[in-house]
Amino acid sequence: MRRYDEETITLNKRIPFAVPIILLLSLATPVQAATPKAGAKCTKAGATSISVGKKFTCIKSGSKLVWNKGVAVKAAPKPNLNPVLKPEPTPTPTQTPTAAPVPTPTPTLSTPPEPKNFTDIEQNYESVAYWAWKKSKDKIESSQRTFKEFENIIAPNSGILNKNPIIAYDATSRLFSNFAQPTKFYSISYAFEEVKWAQSKFEELFADPTLLREIQSPNRGGPNQALGICPSPERCHSSSPNTNRKGESIILVGYTPTRINYLGETNGDLQSHEYTHVVQQSQFVGSPREISGLASLKQFVPWWLVEGGADFGGIVSTHYGSFSEYSQVRLRDVNAIPRKDADWYANFINPASNQEWIPLGPTGEIYTVGFVITEMFTALKGPEAQMEIVRQIAQGKSMDEAFESIFGTPWKTAVPIIARTIAKERAKNR
């Protein structure tokens, strides 16, 4: 369209000059009279002039030169001051055929290879988190809650940070659905001002005086469990589980209102952690080690498995619906500092006596190192692995015996591999 517009404009500029050109041509022959007519005098024989549609010729008549009668002539065509232009047809472009576009496939996340033994874990540690999460997710989604009766008890003048703790307890119960769990289950939430009320309520529901004396002995929890986890208004944010010989469990939960933004206490991590302890304790109900085991699991089970196993159970039960969420939260344990060398981890994992763990409890390694090892166990054998170790220990086996029956390799053979793997991974800059 642009080409035609420019051409029209050019012609319109030229047209006004056409008229004077034609007039000049018509005057090429000299004009002898302004308005020639028949018989009028002219000055040069043979001269011609066009006027009123006739061509007059100067002739000699006697001794005079005059215009003859004239001969009619066709008028010159008038120029068209507004010509209509017909655009030249535009040739249809020849299109070069192109191949149909090949659709780009939607990218998919690659699944890491599933580890089959501890050597695989050392060589490809990056696969551990996914397979521990995946096997736990599958177990939770394919199982039913085991405990039947649950009561959420809140002190008269207190509150609770997790408004619906049954969700966390339910997921963890399904995670360990193949193992003994409480017949009745209570959660008691209270603030510092109601410690006495909470302790009285706990002893009423526990209803096992013989076991309670063991739990409250000076070398164990002491006489006041409620005060132990809630020593002041600002530090009332811990919790503690206990299970009696009837298989009934009670979790004491401290309540500090100012900690409402601590996700670990509001989103289910803490509740799932404590319910994992409840399942651990339940393995000792009716076992050869019942009284001592229910009074203190850590007499028999490695401390790092008691607390690290509960940390893993808490995190994976709360975040089993999203591997991305699980991956972020687990780093709290995996990247814990201070970082040690492989020899330190080997001695920590398998000390000569469980008494060596006593001074290390407050440092956090009991939880963090235990989490990493439990995650390895789960990646290989599923979430049942950690609880099966506890169950076999409750029945009288040692850690070495229980481990080898599950993994098919001696515990002392696995220890240096696990220690090297933890040291190597924690040495990386994350």
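In the block above lies the structure referred to throughout.
In this text, all values refer to a predicted model and were calculated from it rather than measured experimentally. (Residues numbered from 1 in each chain as written. Predicted model: local features only at pLDDT ≥ 70, side-chain atom pairs only at ≥ 80, totals over all residues. Heavy atoms only, no water.)

J.: Help me understand unusual backbone geometry in this model?
T.: Note: most peptide bonds trans; most residues except glycine with negative phi. Phi angles above zero are rare outside glycine, and alanine 207 is one such case at about 50 degrees. Examined against the element boundaries, alanine 207 turns out to sit in the loop between helix H6 (195-206) and helix H7 (209-215). (Helix = DSSP H or I, 4+ residues; strand = E, 2+ residues; numbered from the N terminus.)

J.: Would you explain the state of the cysteines in this entry?
T.: Every disulfide links exactly two cysteines, by a covalent bond between their sulfur atoms. Taken as a whole, this structure holds two disulfides when the rule is applied. The side chain of cysteine 230 participates in a disulfide bridge whose partner is cysteine 236; the two sulfur atoms lie 1.9 Å from each other. For the disulfide bridge between cysteine 230 and cysteine 236, the dihedral angle about the S-S bond is near -110 degrees, and by the sign convention the bridge is left-handed. Accessibility assignment for this pair places cysteine 230 and cysteine 236 in one class, buried. For the protein chain, numbering the cysteines in disulfides from first to last along the sequence yields the connectivity 1-2, 3-4. (Disulfide = S-S within 2.5 Å. Buried < 20%, exposed > 50% of the residue type's maximum accessible area, 1.4 Å probe, protein only.)

J.: Can you walk me through the packing of aromatic side chains in this structure?
T.: How two aromatic rings sit relative to each other is given by the distance of their centres and the angle of their planes. Per the stated rule, a full pass over the model turns up 27 aromatic pairs. An angle of 50 degrees between the planes, with centres 5.9 Å apart, marks the rings of tyrosine 130 and tryptophan 133 as tilted. On the criterion of helical spacing, the pair formed by tyrosine 130 and tryptophan 133 is a turn pair, its members being three residues apart in helix H4 (residues 126-141). The same class applies to tyrosine 130 as to tryptophan 133, namely buried. For lysine 298, the ring lying beneath its charged end belongs to tryptophan 303, and the centroid distance is 5.1 Å. Over the ring of tryptophan 344 we find lysine 340; its NZ or CZ atom is 5.1 Å from the centre of that ring. (Phe/Tyr/Trp six-rings, centres within 6.5 Å; stacked < 30°, edge-to-face > 60°. Lys NZ or Arg CZ within 6 Å of the ring centre and 35° of its normal.)

J.: Quick question: what am I supposed to make of the sheet that holds strand S6 (residues 184-190) here?
T.: Sheets are built from strands that pair by backbone hydrogen bonding, the pairs being arranged parallel or antiparallel. Here four strands make up an open sheet; going across it, the order is S5-S6-S8-S7 and the pairing mixed. Of all the strands in the sheet, just strand S5 (149-154) and strand S7 (239-243) have a single pairing partner and so form its edges. Neighbour to neighbour, the strand axes of the sheet diverge by 15 degrees on average, direction disregarded. Pairing analysis gives five bridges linking S7 to strand S8 (residues 248-254), with the strands arranged antiparallel. Note that in S8 the partner of threonine 243 across the bridge is serine 249. Strands in contact with H6 are S5, S6, S7 and S8; relative to S6, the strand with the most contacts, it is inclined by about 170 degrees. (Pairing = 2+ DSSP bridges. Axes fitted to C-alpha atoms, helices over the stretch in contact; angles between N-to-C directions. Contact = heavy atoms within 4.5 Å.)

J.: Just checking my understanding: could you explain the packing of helix H5 (residues 166-175) against helix H12 (residues 303-318) for this structure?
T.: The description of two helices packed together rests on the angle between their axes and the distance between the axes. Two elements in contact, H5 and H12, have axes whose closest approach is 9 Å; the angle formed by their N-to-C orientations is 110 degrees. The pairing of H5 with H12 is recorded here as roughly perpendicular in orientation. Classified by chirality, the crossing of H12 by H5 is right-handed. Along the contact surface, H5 presents Ala171, Thr172 and Leu175, while H12 presents Gly313, Val316 and Ser317. Considered class by class, the residues forming the contact of H5 with H12 number three nonpolar, three polar and no charged. (Parallel < 35°, antiparallel > 145°, perpendicular 65-115°, else oblique. Left-handed = near helix turned anticlockwise from the far one by under 90°. Nonpolar A, V, L, I, M, F, W, Y, C, P; charged D, E, K, R; others polar.)

J.: Is there a simple way to think about the side chain of arginine 259 in this case?
T.: Checked against the element boundaries, arginine 259 lands in the loop between S8 and helix H9 (263-266). If we ignore the near neighbours within four places in the chain, the residues touching arginine 259 are Leu161, His237, Glu265 and Thr266.

J.: Could you clarify how one ought to interpret the pairing of S7 in this entry?
T.: When a strand is regular, its side chains alternate between the sheet's two faces. The buried fraction of S7 is high, at five of five residues. Neither face of S7 is open: one carries Ser239, Pro241 and Thr243, the other Ser240 and Asn242, and all of them are buried. Taking the residues between adjacent antiparallel strands as the criterion, S7 and S8 are bridged by four residues, where glycine 247 takes a positive phi near 85 degrees.

J.: Is there a simple way to explain the nonpolar core in this structure?
T.: Generally speaking, a soluble globular protein has its nonpolar side chains buried in company with each other. Of all hydrophobic cores here, the largest spans 89 residues; its most connected members are Phe118, Tyr190, Trp304, Ile349, Phe377, Trp411 and Ile418. In this structure, Cys42, Ala47, Phe56 and Trp67 belong to the second largest nonpolar core, which totals five residues. (Core = buried A, V, L, I, M, F, W, Y, C linked by side-chain atoms within 4.5 Å.)

J.: Teacher, can you tell me more about the environment of threonine 183 here?
T.: Mapping threonine 183 onto the fold places it in the loop between H5 and S6. In sequence terms threonine 183 and phenylalanine 150 are 33 residues apart; their C-alpha atoms lie 9.1 Å from each other. Filtering out sequence-adjacent residues up to four positions away, threonine 183 remains in contact with Lys148, Glu149, Lys246, Gly247 and Glu248.

J.: It is not clear to me how the environment of methionine 399 should be interpreted in this structure. Could you clarify?
T.: Turning to its location among the elements, methionine 399 is positioned in helix H17 (residues 399-407). Among the residues examined, methionine 399 registers a relative accessible area of 10% and is labelled buried. C-alpha separation for the pair methionine 399 and proline 302, spaced 97 residues apart in sequence, amounts to 7.8 Å. Apart from residues lying up to four places away in sequence, methionine 399 is in contact with Pro302, Trp304, Ile389, Ile393 and Trp411.

J.: Explain helix H13 (residues 323-334) here, please?
T.: Along an α-helix, residues three or four apart share an orientation, since each turn contains 3.6 residues. Counted at 1.5 Å a residue, the expected span for H13 with its 12 residues is 16 Å, and the 15 Å between its end C-alpha atoms agrees. Buried residues of H13: Tyr326, Ser327, Arg330, Asp333 and Val334, and no others. Within H13, the buried residues cover an arc of 105 degrees as seen down the axis, which keeps them to one side. Within H13, the exposed residues directed more than 90 degrees away from the buried face are Ser324 and Gln328. Where H13 is buried, its residues contact H4, H12, helix H15 (365-381) and helix H18 (411-427). (Expected span 1.5 Å × (residues − 1). Arc of directions from axis to C-beta.)

J.: So what exactly am I meant to see when it comes to the pattern of salt bridges here?
T.: Proximity of charged atoms lets side chains of opposite charge pair with each other. Applying the stated criterion across every chain, the model contains 19 salt bridges. Measuring nitrogen to oxygen at the nearest pair gives 4.0 Å for the salt bridge that ties lysine 201 to glutamate 204. Here lysine 201 pairs with glutamate 204, and both are found in helix H6, just three residues apart, close to one helical turn. Its salt-bridge partner being glutamate 265, residue arginine 259 comes within 2.7 Å of it at the nearest N-O pair. The burial state of arginine 259 is the same as that of glutamate 265; both residues are buried. Connected through shared salt-bridge partners, Glu114, Lys116 and Lys135 make up one network. (Salt bridge = Lys/Arg side-chain N within 4 Å of Asp/Glu carboxyl O.)

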